[in-house]
Amino acid sequence: MKPAFRFELKRKLAHIALTAYPLLFLYMGFSRIFDIEFSLAYLLLWLFSEILRVKFRLNTPTAFFIKNVSRHAFKGDLRDSWGKIRFPFWIAGLMVPMLFGNMPMLAASITLSFGDSISGIIKQALNRFDFITGYLPSVTIVALILYLLTGYPQFAVLSPAVGMLAELFGKYADDNLLIPIFATFGSMI
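Residues numbered from 1 in each chain as written. Predicted model: local features only at pLDDT ≥ 70, side-chain atom pairs only at ≥ 80, totals over all residues. Heavy atoms only, no water.

1. A word on a nonpolar patch on the surface
Thought 1: Residues Leu24, Tyr27, Met28, Phe30, Phe34 and Phe38 make up a contiguous nonpolar surface patch of about 640 Å² in total accessible area.
Thought 2: Breaking the nonpolar patch down by element, the ones donating at least two residues are helix H2 (21-28) and helix H3 (32-56).
Thought 3: If you tally residues by element for the nonpolar patch, the top one is H2, at three residues.
Thought 4: Looking at the element boundaries, leucine 24 is found in helix H2. (Patch = residues over 30% accessible without salt bridge, like charges linked within 9 Å, V, L, I, M, F, W, Y side chains within 5 Å. Areas by Shrake-Rupley, 256 points an atom, 1.4 Å probe, with all protein chains shown as cover. Salt bridge = Lys/Arg side-chain N within 4 Å of Asp/Glu carboxyl O. Helix = DSSP H or I, 4+ residues; strand = E, 2+ residues; numbered from the N terminus.)

Written as structure tokens, this is what we have:
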């Protein structure tokens, strides 16, 4: 296994661990208010950890993730970007579908956690980084998962199909912010 592929697998496993928490909320039946409050606390804790890491040079939990799974760590230019606070776009992005109910939250969470991860892994495995290489497999797998969970074919297909289009806008905004928002829109179509 190539080092770049092995590293991408590690990155995407961390991505799933950091972004799949709304699925636990759905499984446990928590209220939407709890979901939003927890996410806000998660966002604030992440930012607090980042401030401690950058301003006081402490070895915080966010430092662990950045050292072990950031692209900068793999490329060897981590030192150049170390002084920047990393905003957790996935938390903000996942808070949007929480405002619209369980089905959009399910679609957004699975599309971000698994669709984005599948796309990255496939692109790295094939060493092709164009949009369509990751789009088709990720939409197919996420659609299958959503269909198995809900039994609604239009919902299962439209949510990831629209959600993964966010990768086209990666040059303009973080896809971890946009994927859940786009998937929410797709789920509501």
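2. Describing the packing of helix H8 (residues 102-126) against helix H9 (residues 131-150)
Thought 1: Taken N-terminus to C-terminus, the directions of H8 and H9 make an angle of 145°; their axes are 8 Å apart at the nearest point. Relative to H9, the crossing made by H8 is right-handed. Residue-level contacts link Met103, Leu106, Ala107, Ile110, Thr111, Phe114, Gly115, Ile118, Ser119, Ile122, Lys123 and Leu126 of H8 to Phe131, Thr133, Gly134, Tyr135, Pro137, Ser138, Ile141, Val142, Ile145, Leu146, Leu149 and Thr150 of H9.
Thought 2: Each residue belonging to the contact of H8 with H9 can be placed in one class, and the counts come to 16 nonpolar, seven polar and one charged. (Axes fitted to C-alpha atoms, helices over the stretch in contact; angles between N-to-C directions. Left-handed = near helix turned anticlockwise from the far one by under 90°. Contact = heavy atoms within 4.5 Å. Nonpolar A, V, L, I, M, F, W, Y, C, P; charged D, E, K, R; others polar.)

3. With respect to the packing of aromatic side chains
Thought 1: Enumeration according to the criterion identifies 16 aromatic pairs in this entry.
Thought 2: Through a chain of ring-to-ring contacts, the aromatic side chains of Tyr21, Phe25, Phe30, Phe34, Phe38 and Tyr42 assemble into a single cluster.
Thought 3: The side chain of arginine 53 reaches across the aromatic face of tryptophan 82, ending 4.4 Å from its centre. (Phe/Tyr/Trp six-rings, centres within 6.5 Å; stacked < 30°, edge-to-face > 60°. Lys NZ or Arg CZ within 6 Å of the ring centre and 35° of its normal.)

4. A short note on the nonpolar core
Thought 1: Residues Tyr21, Tyr42, Trp46, Trp90 and Ile91 are the most contacted members of the largest nonpolar core, which totals 22 residues.
Thought 2: Taken together, the elements giving at least two residues each to this core come down to H2, H3, helix H7 (89-98), H8, H9 and helix H11 (175-188).
Thought 3: Element by element, the count of residues in this core is highest for H7, at five residues.
Thought 4: Every residue in contact with isoleucine 91, bar those within four places of it in the chain, is listed here: Tyr21, Ser39, Tyr42, Leu43 and Trp46.
Thought 5: Membership of the second largest hydrophobic core comes to seven residues, among which are Leu106, Ile110, Phe155 and Ala156. (Core = buried A, V, L, I, M, F, W, Y, C linked by side-chain atoms within 4.5 Å. Buried < 20%, exposed > 50% of the residue type's maximum accessible area, 1.4 Å probe, protein only.)

5. Some remarks on H3
Thought 1: In this model, H3 (25 residues) spans 35 Å end to end at C-alpha, consistent with the 36 Å of a helix rising 1.5 Å per residue.
Thought 2: By the burial criterion, the buried members of H3 are Asp35, Ser39, Tyr42, Leu43, Trp46, Ser49, Glu50, Arg53 and Val54.
Thought 3: Residues of H3 that are buried in the fold lie against helix H1 (3-19), H2, helix H4 (61-69), H7 and H8.
Thought 4: Of the residues one or two after H3, arginine 57 is the one with positive phi, at around 55°. (Expected span 1.5 Å × (residues − 1).)

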